[in-house]
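The primary structure of each chain is shown beneath.
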Amino acid sequence: LALPGTNGIRLTMESALTARDRVGVQDFVLLENFTSEAAFIENLRKRFKENLIYTYIGSVLVSVNPYKELEIYTKQNMERYRGVSFYEVSPHLYAIADNSYRSLRTERKDQCILISGESGAGKTEATKKILQYYAVTCPASQQVETVKDRLLQSNPVLEAFGNAKTLRNDNSSRFGKYMDVQFDYRGAPVGGHILNYLLEKSRVVHQNHGERNFHIFYQLLEGGEEDLLRRLGLEKNPQQYHYLVKGHCARVSSINDKNDWKIVRRALSIISFNDNEVEDLLSIVASVLHLGNVQFAADEQGNAQVTTENQIKYLGRLLAVEGSVLRDALIHKKIIAKGEELISPLNLEQAAYARDALAKAIYGRTFSWLVNKVNKSLAYKEGEFPGWRSTTVLGLLDIYGFEVFQHNSFEQFCINYCNEKLQQLFIELTLKSEQEEYESEGIAWEPVQYFNNKIICDLVEEKFKGIISILDEECLRPGDATDTTFLEKLEETVKNHPHFLTHKLADQKTRKSLGREEFRLSHYAGDVTYSVAGFLDKNNDLLFRNLKETMCNSENPIINQCFDRTELTDKKRPETAATQFKNSLSKLMEILMSKEPSYIRCMKPNDAKQADRFDEVLIRHQVKYLGLMENLRVRRAGFAYRRKYEVFLQSLGLVTSPPLHCPHLGYKQEEYKMGRTKIFIRFPKTLFATEDALEVRKQSLATKMQATWRGFYRRKKFLHMKHSAIAIQSWWRGTLGRRKAAKKKWAVETIRRFIKGFIYRNHPRCPENEYFLDYIRFSFLMNLKRNLPKNVLDKSWPTPPPSLCEASQLLRQLCMQNMVWTYCKRISPEWKQQLEQKVIASEIFKGKKDNYPQSVPRLFINTRLGNEEINAKVLQALENEAIKYAVPVIKYDRKGYKARARQLLLTQNAVVIVEESKIKQRIDYANLTGISVSSLSDNLFVLHVHCEDNKQKGDVVLQSDHVIETLTKTAIQADKVNNVNINQGSIKFTVGQGKEGIIDFISGSELLIAKAKNGHLTVVAPRLNSR
Ligand SMILES: Nc1ncnc2c1ncn2[C@@H]1O[C@H](COP(=O)(O)OP(=O)(O)OP(=O)(O)O)[C@@H](O)[C@H]1O
Ligand SMILES: [Mg+2]
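Residues numbered from 1 in each chain as written. Chains lettered and ligands numbered in written order. Predicted model: local features only at pLDDT ≥ 70, side-chain atom pairs only at ≥ 80, totals over all residues. Heavy atoms only, no water.

The name an unreviewed UniProt entry assigns to the protein chain is Unconventional myosin-Ic, from the organism Calidris pygmaea. A UniProt comment under Sequence similarities (unreviewed entry) is attached to the protein chain, and it reads "Belongs to the TRAFAC class myosin-kinesin ATPase superfamily. Myosin family." (UniProt positions renumbered as here; feature names shortened; annotations may be inferred.)

Here you go:
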């Protein structure tokens, strides 16, 4: 990939990295001009306008409060971020949350997410959204659901007691909160713990104009049931209570106290408050309101007297103390000096102070008790999650951001000190992790120039010399210590510090901007001027001893826990507020140091809490004191961009395997470094140029990649098919081979059985020969089946094996019977007649007359002369008699044996000899006595007639070409079958009137019929071959 020159390439061109939201850059490290605050703000503005409220500085998330509901916190969105690499999706809270969670799970290292920003910037919202993210995406079970519920529900309770409406935020957290969420080895939340920091107690007794007291007071009055309020001696009207009306805005349209009350009440039961505990807690809340209404009047000596007995009555009941004791404690001061108790009355001012101090103490301690109680409910209970050994924790720090007001007091001092510490931690950890990353990647560490704010932290917290030490000292010192003496002491001790300034220490020019009661600290985020007024009081946080004692005697269980008797006997002075805060901060730093941090920097776009308004001045201010430019500078000091090789290549849409050779990308030596697992790119422009070049080459690359992929895909498919084909082939070949082998084996066995069977064939049936015999039988039968005789004349028959001789015989008979039967069934009447005639002919002539065999194959014809061939007169004469058979014959005269052509007709009753139209002779069958023929092959025959009959002319000598047929028919017709004589040698016949004629038959070469000399008729019949 050769890069074209960077000239002409739009440097700001969006890349695949930011393709998901192409507005500005989604990571400030990609800003070309990273030192320009204007460019920074412009990028923020551009994105804010498009509702892109999140932007990264490396791994730090910058968030701008949209002041409107955005559709980016849906369940689908949560799923989108779950388990996805940090830079793959657009910047989001969820990306930070998921990243921390994944590190926690994979490295089993505790994590923390530090959320900072000024009031109203969205820290608390961010915390809640992160908690929700875990509640939705972490694995769950019945017990885990309970823990999740408690974690989520602890928020409304703590917010009710610790949040208030301020000028900047309708739901401003008035305490710092650090929350640990414990995860088990499966990554399910199983417990939690909350640390609270510096509740703004002064709000209980005083609120600035436009601000309110803590939400709980208003919620109780608005939402509490009448019964409850009566028990607490309260009226539904907040205007009735001095502590609620200092800011003149008890009711605010943007806050629905009634509804919030319901939420809080429900949440209380979820975090395991029983009804008694709720009642005790609310009694305390009510007691604070009553305390606020306690009024004093001065007596003659100027000593304060309580004028509101009713209030004392309620207080006695609610706090479960003796009313009179409380009344006395409110207007007296008890001092123990040298073991002796001295009680002195208070003047009006002192009494009011004592009252307010008590209210603050009660509320403050109850708040701490509440946090403890929540902690008990959130505590990881080994018993509930048996076997879930070690847990890892993820901390969420929602702490007040840097604050600069017109008048900054002790609270701002503490808050800004806290931010100073966090900034230090941030720098240390960021630099540390930066350095560690360089080291682990094997890249030489390049020192980063940054402002180390340790000097400011030291200024505040150093022992003996620090501001807190000096303040404490002033508080403890006997004598008349005042806020002013504290300031003087400060000036004295830290006068040469470069970050400290007072009116007295300032030069002419700056002096004007400083009051005489003020000191200025140059914080890392800018200068803040603090007014010392109230510093000592607030730091002392004093509650007179007799008030403390009264509280210690309370029977309200909560108050009882809040005010411990050991406090009274403890000779040591309690720690001052500042020292307490310092110590808790140092503990917090330890906690945070032991964890892997992630940062969310929240900003508010305007002071009006309005959507779509981007106040550049306000934003610039926040960018400055959040130290974002510093942050960016540190991050960009070395390399603007670093990614794991795979991720880098992926983000460019490339698929190659590392190691990657940057010279191929056209990078110059100083533009990049190759770490062990990451590429470091110094300037964003290098990256953009790569992306642009890639854009240009994308087409051809895409084609190439496509071709390669297709080739690969096809080849894979081909190889798969080839492999399959071979598999099928070999399987099939195997099958065929096996089949052949089985066949061979079978064949061998069969042959063997055959041979054995053959050897044993003559034995009686035994295992050795049974197959053979069966086979022989079978094959004989099969052969027989194929070769059965076709007709009765077919005498062929397969030779049976010895064992089947009898069966064969029976079968043969059966077969013959069957054939005969079939034949008979098929025979027609005509044919039957024919056969019957043939049978009769056979009976008569077979073996007796020489020319009989020649007649056998010739069919007998019904008649040899049709009616048309017979003279009509004859037919007429025979009118009544049907002619059964007619045949031309030759008649030999009785005397001369002259041959004459005649027709022989057989009727029903007689043989008729016809000459043309004349019936020459009629021989009734009754008169026919017999028929004679020779045994030779001639055709002569004699019909013998009864001689008694005179009309008869005697026997008739005739010759028919079809002598067998003619005679058979005549014999049948005349019923003279048994009267046919076959003569050897000669035949005698009568010739009218008793005379006899003789016909001699001899065999010769050819037929000759003639009258012999002896007067006999001699017939020479040809010898036939068949004879
Ligand atoms: N991500 C967000 N989406 C919509 N609205 C938001 C978002 N973040 C904050 N807000 C709005 O801004 C208001 C103030 O936010 P939040 O209470 O979180 O501020 P904060 O930083 O905790 O302030 P403080 O320091 O006073 O506690 C919220 O009540 C809400 O109306
Ligand atoms: Mg908050």
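The discussion continues.
**Brief notes about the pairing of strand β10 (residues 332–337)**
With six bridges connecting them, β10 and strand β11 (residues 340–345) associate as antiparallel partners. Looking at the pairing, I335 lines up with L342 of β11. Linking two consecutive strands that pair antiparallel, namely β10 and β11, is a turn of two residues; a positive phi of about 55° is found at K338 within it. (Pairing = 2+ DSSP bridges. Helix = DSSP H or I, 4+ residues; strand = E, 2+ residues; numbered from the N terminus.)

**Thoughts on the sheet that holds strand β13 (residues 500–502)**
Reading across the sheet, the three strands line up as β13-β14-β15 and stay open at both edges, with antiparallel pairing between neighbours. Edge positions in the sheet fall to β13 and β15 (526–531), since each has one partner strand and no second. Averaged over neighbouring strand pairs, the angle between their axes works out to 25° when direction is ignored. Alignment of β13 against strand β14 (residues 518–523), held across three bridges, turns out to be antiparallel. Looking at the pairing, L501 lines up with R520 of β14. (Axes fitted to C-alpha atoms, helices over the stretch in contact; angles between N-to-C directions.)

**What about the site of ligand 1?**
Around ligand 1 sit 18 residues, and of these S119, K123, T124, S172 and S173 come closest. Measuring from an oxygen atom of ligand 1, one finds a backbone N or O atom of G120 at 2.7 Å. S172 is positioned such that a nitrogen or oxygen atom in its side chain is 2.5 Å from an oxygen atom of ligand 1. If ligand 1 stood free it would expose 620 Å²; the protein chains cover 87% of that surface. Breaking the shell around ligand 1 down by element, the ones donating at least two residues are α4 (123–137) and β5 (172–173). Among the elements that take part in the shell around ligand 1, α4 stands out by supplying four residues, more than any other. Of the residues assigned to the shell around ligand 1, the class counts are four nonpolar, nine polar and five charged. (Near = heavy atom within 4 Å. Polar contact = N/O pair within 3.5 Å; in protein donor to acceptor, adjacent residues only side chain to side chain. Areas by Shrake-Rupley, 256 points an atom, 1.4 Å probe, with all protein chains shown as cover. Nonpolar A, V, L, I, M, F, W, Y, C, P; charged D, E, K, R; others polar.)

**Some words on the UniProt feature "binding site: ATP" (unreviewed entry) in the protein chain**
UniProt records the feature "binding site: ATP" (unreviewed entry) at G117, E118, S119, G120, A121, G122, K123 and T124, using the numbering of this structure. Position of G117 among the secondary structure elements: in strand β3 (residues 111–117). Not counting chain neighbours up to four residues away, the residues in contact with G117 comprise K123, I399, Y400, G401, C602 and L626. Looking at the secondary structure, you find T124 in helix α4. Apart from the residues lying within four places of it in its own chain, the contact partners of T124 are E159, S173 and D398. (Contact = heavy atoms within 4.5 Å.)

**Some words on the side chain of D27**
You can see D27 is positioned in the segment before α1 (37–49). Setting aside residues no more than four positions away along its own chain, D27 makes contact with T55, Y56, I57, G58, Y87 and R643.

**Quick look at the pattern of salt bridges**
Throughout the structure, instances matching the rule amount to 53 salt bridges. Among the salt bridges present, the one from E200 reaches R174, with a minimum N-O distance of 2.7 Å. Here E200 is found in the loop between β7 (189–197) and α6 (202–205), whereas its partner R174 is found in the loop between β5 and β6 (176–183), with 26 residues between them in sequence. For the pair E200 and R174, one class covers both residues: buried. Across the salt bridge formed by E549 and R545, the nearest N and O atoms sit 3.5 Å from each other. Residue E549 and its partner R545 are both found in helix α20 (residues 545–552); the two are separated by four residues, about one turn of the helix. Since its relative accessible area comes to 26%, R545 is described here as partly exposed. Salt bridges sharing common partners tie together E118, R168, K604 and D607. (Salt bridge = Lys/Arg side-chain N within 4 Å of Asp/Glu carboxyl O. Buried < 20%, exposed > 50% of the residue type's maximum accessible area, 1.4 Å probe, protein only.)

**Topic: helix α34 (residues 963–973)**
When you tally the buried positions in α34, you get nine out of eleven residues, the bulk of the element. Looking only at α34, the buried set comprises V963, I964, E965, T966, L967, T968, K969, T970 and A971. Positive phi appears at D975, one or two residues downstream of α34, with a value of about 55°.

**A word on α4**
Taking 1.5 Å of rise per residue, 15 residues should cover 21 Å, and α4 covers 21 Å from first to last C-alpha, within 8% of that figure. Within α4, eleven of the 15 residues are buried, leaving the element largely enclosed by the surrounding structure. Of the residues making up α4, those classed as buried are K123, T124, A126, T127, K129, I130, L131, Y133, Y134, A135 and T137. (Expected span 1.5 Å × (residues − 1).)

**Concerning the environment of L835**
With respect to the helices, strands and loops of the structure, L835 is situated in helix α31 (residues 829–845). Relative accessible area serves as the criterion here: at 27%, L835 is assigned to the partly exposed category. As for L835 and I53, which are separated by 782 residues in sequence, their C-alpha atoms are 124 Å apart.

**Comments concerning the packing of helix α10 (residues 275–292) against helix α11 (residues 309–318)**
Contact geometry of α10 with α11 gives a least axis separation of 9 Å together with a crossing angle of 160°. It follows from the interaxial angle that α10 and α11 lie roughly antiparallel. Crossing handedness for the pair α10 and α11: left-handed. Side by side, α10 and α11 meet where S283, A286, S287, H290 and L291 of the first sit next to Q311, Y314, L315 and L318 of the second. Looking at side-chain class alone, the contact of α10 with α11 contains five nonpolar, four polar and no charged residues. (Parallel < 35°, antiparallel > 145°, perpendicular 65-115°, else oblique. Left-handed = near helix turned anticlockwise from the far one by under 90°.)

**Points about the state of the cysteines**
Two cysteines, two sulfur atoms, one covalent bond between them: this is a disulfide. Under the definition given, this model contains zero disulfides. C418 supplies the cysteine sulfur nearest to C414, a cysteine that is in no disulfide, at a spacing of 9.3 Å. Relative accessible area serves as the criterion here: at 2%, C414 is assigned to the buried category. Distance from the sulfur of C805, which forms no disulfide, to the nearest cysteine sulfur (C815) is 17 Å. (Disulfide = S-S within 2.5 Å.)

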